[in-house]
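Structure assessment
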Amino acid sequence: MNNIGSGLQSIENVRQEFETVYPVTHFMRKLEFKMWLNHSESRHLNNNMPFTFNNYVSHLRNSDYAEQVRLNMINVDDLGGKNKVLLKLEPLVNSR
């Protein structure tokens, strides 16, 4: 069930979109997908519908990426591990 126009969609759609798109996307988009999936699963556990991908990422700040990695909210082993990812994110986080 995708609530077009509402900015919400079902957890099943989130999981399917993640599985389809994640393997063929670039580093930053992979982080966004991981963050979105994590947020969507959390909303689902609290009986709330997940946001669409675009709705979710449009509200991200540069610091959100590093924060979620630093706090181990998302697993980034497939992207080179926590330290490597944080190093890649450093220029983004330090830019204003």
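Look up a bit, the structure's there.
Report on the accompanying structure. (Residues numbered from 1 in each chain as written. Predicted model: local features only at pLDDT ≥ 70, side-chain atom pairs only at ≥ 80, totals over all residues. Heavy atoms only, no water.)

For the rest of this paragraph, the subject is the packing of helix α4 (residues 62-70) against helix α5 (residues 82-94). Running from N to C, α4 and α5 cross one another at 165°; their axes reach a closest spacing of 9 Å. Considering the angle they form, α4 stands roughly antiparallel to α5. Every pair of crossing elements has a handedness; the one defined by α4 and α5 is left-handed. Residue-level contacts link Asn-62, Ser-63, Tyr-65, Ala-66, Val-69 and Arg-70 of α4 to Lys-82, Val-85, Leu-86, Leu-89, Leu-92 and Val-93 of α5. Residues of the contact of α4 with α5, tallied by class, amount to 8 nonpolar, 2 polar and 2 charged. (Axes fitted to C-alpha atoms, helices over the stretch in contact; angles between N-to-C directions. Helix = DSSP H or I, 4+ residues; strand = E, 2+ residues; numbered from the N terminus. Parallel < 35°, antiparallel > 145°, perpendicular 65-115°, else oblique. Left-handed = near helix turned anticlockwise from the far one by under 90°. Contact = heavy atoms within 4.5 Å. Nonpolar A, V, L, I, M, F, W, Y, C, P; charged D, E, K, R; others polar.)

The set of residues buried in helix α1 (residues 11-21) consists of Ile-11, Val-14 and Phe-18. Seen along its axis, α1 keeps its buried residues to an arc of 55°; they face one direction. Those residues of α1 that are exposed and angled more than 90 degrees off the buried face are Glu-12, Gln-16, Glu-19 and Thr-20. Lining the buried residues of α1 we find β2 (8-9) and α2 (27-45). (Buried < 20%, exposed > 50% of the residue type's maximum accessible area, 1.4 Å probe, protein only. Arc of directions from axis to C-beta.)

This paragraph deals with the nonpolar core. In terms of nonpolar packing, the biggest core is built from 22 residues, with Leu-31, Val-69, Val-76, Leu-79, Val-85 and Leu-89 touching the most fellow members. Of all the secondary structure elements, the ones that give two or more residues to this core are α1, α2, α3 (53-57), α4 and α5. Sorting elements by how many residues they give to this core places α2 first, with 6 residues. Other than its neighbours up to four places away in sequence, Leu-79 contacts Tyr-22, Phe-27, Lys-30, Leu-31, Lys-34, Lys-84 and Val-85. (Core = buried A, V, L, I, M, F, W, Y, C linked by side-chain atoms within 4.5 Å.)

Scanning the entire structure with this criterion turns up 4 salt bridges. Between Glu-32 and Arg-29 there is a salt bridge whose closest N-O contact spans 2.7 Å. Of the two residues, Glu-32 and Arg-29 both sit in helix α2, 3 residues apart, roughly one turn of that helix. Taking relative accessible area as the criterion, Glu-32 reaches 12% and is therefore assigned buried. On the basis of relative accessible area, Arg-29 is assigned to the partly exposed category, the value being 29%. Between Arg-61 and Asp-64 there is a salt bridge, with the nearest N and O atoms lying 2.7 Å from each other. According to the relative accessible area criterion, Asp-64 is buried, its value standing at 11%. (Salt bridge = Lys/Arg side-chain N within 4 Å of Asp/Glu carboxyl O.)

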